[in-house]
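Secondary and tertiary structure notes
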Amino acid sequence: MSSKQRPHFTSRLDEARNTASAFLARPFKRLSPTARFFVGFAALVLLTTLLLVTNYSRGTVENYKEGEVVHRTVIAPADIANVDITETERRRDVARDAARPVFNYYPARAESAAQAFANAWEDLRKQVEGHGSAKKEPAWSGEGGPVVAHAIIAHRFDASELEQLKGMIRETLDGYIYEDGAAEFLKPEIVLADGSNPDKQTIVPIPGTRMTPLSTAKHNLAARISQLKNWSLEEQSALTTAMLPLIKPTVIFDQATTEAVKEAAASKIVPLPISLKRNQVVAREGDTVTQPMLAQFAAIRSYGRTGRPWHHLFGLLFMVAAIYWAAWRFTEHRSTSVNLTLSPKKAYALIGSAVVVETIFMRVGFTLSDSFTAQTMRAPLNDPTIWNFAIPFAAAALLVALLVDAQLALITALIVSLFAGLLAPSGMAKAFYAIISSSAAIYGIGRYRERQSVTLAGLYVGGVNALMAVALLAYAQQPLTLNTILLAVACGVLGGLLTAVFTAGGLPINESLFGILTDVKLLELSNADLPVLGQLALRAPGTNQHSHAVGQLAEEACRAVGANPLLARIGALYHDIGKIGAPDYFVENQQGHNPHDRLRPTQSARIITSHVTYGLKLAKEIGLPKQISDFIPQHHGTRTLHFFLRKAQAHAAEGEEVDEAEFRYPGPKPRFKEAAIMMIADSCEAAARSLSRPDPENIHAIVNKIVDAIISDGQLDECSITLLELTRIREAISASLTAIYHARIDYPGFNPPPLTGSLPSLPPAELDTEERGVSYSKPSEIPINKGGEVEDEAITRKQ
């Protein structure tokens, strides 16, 4: 049959996915197995460390405000020596406020202002005397302009009046005059520095009573000017205009020097230390937050951010690596003591991936618990330790227990519990809770034979979680109120249900990813509606019937020796799928004629053996698990098609040598008990089907003959099967074949009528010829070759 006529079972989407997977895996295939292992180990350790690096052991404390209630007890994670930044800064602010402001005093400004007015007066007088009768009008050099000049000229530059006005200016500026805007800087005491000599300073107490604002000084001067009797109102106004600008502050606030004085005073305040000891209780749940507590909380948070993070990272990295390395060594040891369904490296990869995913679940769970409790103040809803009971701690252990082994699942549970202790705020309590929950998941269920097993395991874990949650609350001396107990029980049950949910979701993914064959997967593979089994029943009905019969025999034989009967039965359904390619060339599918009669022996041998290679190709195409596809080559082993070989040798020309390799199956020999049982059951079923009289004696004889031939041919040399097990296999197969092909008996109680005459003779019957193909009356006539295989195809039959 050409490749174009053979059925295909892979969609384009599956082909594209397989191509993409092969492309992504190509760089890793270039590495040696050891290098690939260490790359994966390093990635596993690094990823887990990053998930654990920021955790509660660093002292995470919620942000509180003074007067709030503490949600949970705060304990110092280590010896912490820090500074109370808030209190220290408060004390420095007090020192800054207490520092005396600095003002610069300029006493010479009174005389300078009086002299400036006198200079302008003399300048105006000289202008008047110098011009004489000139028409040029004299100008006043100070403030006020011509109006002031006219007023002073009108008084003929009276010297006594000049002295009076100068005295008024001196008296106004005699004392401490400051800018109105500097009033806010006046304190009970100020420092008055000499403007010409800053080192000369005087402390002025109560400056508000001894100093005058500039506006008040000008107002006082204007009032005195208005009291001059010899000056008219217009002249008084002119004087006011000229003299008020001369009044300037004699005390000026020195901003820069004042700030320097304040900072100097603040720098003298020694930082207030905070000293916390490891495991010191800083605040208990329910306490009211005070200012000292806030400082201690800040110290703990500061320690969490700056407390030697690189030391913490490298220490955690080393611990995680040590834990994973111990898990690897245990996995290696476990694989040598029991026959695991996975290789040690695949089993370890499953454990590592399960632990990483579980760590992510825990990290998210702790974060969500903290976020939720931060939004409520109502007890017990504000206690994150209770909500943490809902985290599915047992999901990873349950997954490994269902897919691989209970002992490896226990190692997984220990690792998860250690990581839970690192992540949880109440480390030891949560680690204890996680290990008990995981142990309940591991040892609370039996074999994984149906999907419902996961649900039952989740309910069992939920019950154990509920009891442990209440026990841990009592251990922590928390008040066991009704609401607290109900919430803890509900969270524990929820944790069990989430364990079932996440495990059920992870099972098919890991089954496919690691090629694990569970009982549930085996049962799914037995579905007759699967395309390959449907094609087998349609194109090769005889082979399909033979496969079911072989499965029944192999299942009974596996039960007799403690092997996996379900694996053997499902393997039997697929062991001959390669016959789909050329069904008519196998005797069980033939209808009266033998196409091998027209072929050369080498062609016949090539067609017969090709059903193994084509079967493996189909198995790869449909994604058949390796444990099932191994039945395809191993149930034939490396046996030789002796009858075709002898036929070829008989037809060979004189001197021509026949290559025996062309008549041998590619192998390998059976390497596990179920494959060895399949080899025996396959040959025994074909032989028993060929017997015309399958009574117990003939069946027993043919079974012994086949088993002895298989042993003599060395086909069981690579399989760990004992002689005692072979004896039990012979007996089980003989009993099953006898039950299948037993003789019919008369129905009891049926009394046939008496014969009154001779009955016509019946034609000779052929016993189940349509079902059995070619029949042989004696076991010795059945064409069993030296490898214990029936070769009906090699027998030339009459047409």
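Below or above, wherever it landed, is the structure these notes cover. This structure is a prediction, so every number in the text was calculated from the model and none was measured.

The rules we used
Residues numbered from 1 in each chain as written. Predicted model: local features only at pLDDT ≥ 70, side-chain atom pairs only at ≥ 80, totals over all residues. Heavy atoms only, no water. Helix = DSSP H or I, 4+ residues; strand = E, 2+ residues; numbered from the N terminus. Buried < 20%, exposed > 50% of the residue type's maximum accessible area, 1.4 Å probe, protein only. Areas by Shrake-Rupley, 256 points an atom, 1.4 Å probe, with all protein chains shown as cover. Lys, Arg positive; Asp, Glu negative; His and termini not counted. Salt bridge = Lys/Arg side-chain N within 4 Å of Asp/Glu carboxyl O. Contact = heavy atoms within 4.5 Å. Core = buried A, V, L, I, M, F, W, Y, C linked by side-chain atoms within 4.5 Å. Pairing = 2+ DSSP bridges. Axes fitted to C-alpha atoms, helices over the stretch in contact; angles between N-to-C directions. Parallel < 35°, antiparallel > 145°, perpendicular 65-115°, else oblique. Left-handed = near helix turned anticlockwise from the far one by under 90°. Nonpolar A, V, L, I, M, F, W, Y, C, P; charged D, E, K, R; others polar. Expected span 1.5 Å × (residues − 1). Phe/Tyr/Trp six-rings, centres within 6.5 Å; stacked < 30°, edge-to-face > 60°. Lys NZ or Arg CZ within 6 Å of the ring centre and 35° of its normal.

1. Thoughts on the overall build of the protein chain
Across its full length, the protein chain holds 31 helices and 10 strands. Out of the 799 residues belonging to the protein chain, those deemed buried represent 46%. A total accessible area of about 41,300 Å² is found for the protein chain, and carbon and sulfur atoms account for 58% of it.

2. Focus: the side chain of E161
Here E161 shows up in helix α6 (residues 159-173). Within the buried core, E161 has no salt-bridge partner, and the shortest N-O distance to an opposite charge, that of R156, equals 9.9 Å. Once residues within four sequence positions are removed from consideration, E161 is found in contact with H155, N230 and W231.

3. Points about the nonpolar core
Counting 72 residues, the largest nonpolar core has Y574, I628, I729, I733 and L737 as the members making the most contacts within it. No other element matches the 11 residues that helix α28 (residues 673-690) contributes to this core. Ignoring sequence-local partners within four residues, the contact set of L737 consists of L553, C684, E685, A688, I699 and V703. Counting 66 residues, the second largest nonpolar core, distinct from the first, contains V320, L402, I415 and A434.

4. With respect to the pairing of strand β9 (residues 273-276)
Burial along β9 is one-sided: I274 and L276 are buried, while P273 and S275, pointing the other way, are not. Pairing of strand β2 (residues 80-83) with β9 involves 4 bridges; the strand directions are antiparallel. Looking at the pairing, A81 lines up with S275 of β9.

5. Regarding the packing of helix α24 (residues 601-621) against helix α27 (residues 642-651)
Orientation of α24 relative to α27, taken along the N-to-C sense of each, is 160°, at an axis distance of 9 Å. In terms of orientation, α24 lies roughly antiparallel with respect to α27. Relative to α27, α24 is oriented so that their crossing is left-handed. Along the contact surface, α24 presents P601, S604 and I608, while α27 presents F644, K647, A648 and H651. For the contact of α24 with α27, the class distribution of residues is 4 nonpolar, 2 polar and 1 charged.

6. Notes on helix α17 (residues 427-443)
For α17, with 17 residues, the first-to-last C-alpha span of 24 Å sits near the 24 Å given by 1.5 Å per residue. Inspection of α17 places G427, K430, A431, Y433, A434, I435, S437, S438, A440, A441 and I442 among the buried residues, and these make up the whole buried set. As for α17, its buried residues are in contact with α14 (384-387), α15 (395-403), α16 (406-423), α18 (452-475) and α19 (482-514).

7. Focus on α28
In this model, α28 (18 residues) spans 26 Å end to end at C-alpha, consistent with the 26 Å of a helix rising 1.5 Å per residue. By the criterion of burial, α28 is predominantly enclosed, with 17 of the 18 residues buried.

8. What about the packing of aromatic side chains?
Applying the stated criterion across every chain yields a total of 19 aromatic pairs. Look at Y324 and F419: their rings are 6.2 Å apart centre to centre, the planes differ by 70°, and that puts the pair in the edge-to-face class. Of the two residues, Y324 sits in helix α12 (residues 309-337) while F419 sits in helix α16, which places them 95 residues apart along the sequence. Taken together, the aromatic side chains of F37, F38, F41, W325, W328 and Y348 make up a single cluster linked through ring pairs. The ring centre of Y106 lies 4.8 Å from the NZ or CZ of R109, which sits over that ring.

9. A closer look at the environment of E235
Looking at the secondary structure, you find E235 in helix α9 (residues 233-243). The exposure class of E235 is buried, given its relative accessible area of 15%. As for E235 and V148, which are separated by 87 residues in sequence, their C-alpha atoms are 7.2 Å apart. Here E235 is in contact with A151, A154, H155 and N230, once residues within four sequence places are set aside.

10. Section: the pattern of salt bridges
Overall, the coordinates contain 25 salt bridges when judged by the stated rule. E718 serves as the salt-bridge partner of R671, at 3.2 Å between the closest nitrogen and oxygen. In this pair, R671 is assigned in the loop between α27 and α28 and E718 in the loop between α29 (696-712) and α30 (723-740), connecting sequence segments 47 residues apart. In this structure E718 comes out as partly exposed when scored by relative accessible area, which is 42%. For D708, the salt bridge is made with R730, and the minimal N-O distance between the two is 2.9 Å. Remark: R730 occurs in helix α30 and D708 occurs in helix α29; sequence separation between them is 22 residues. By relative accessible area, R730 is classed as buried at 16%. Overlapping salt bridges, with partners in common, bring together E89, D93, R96 and E263 in one network.

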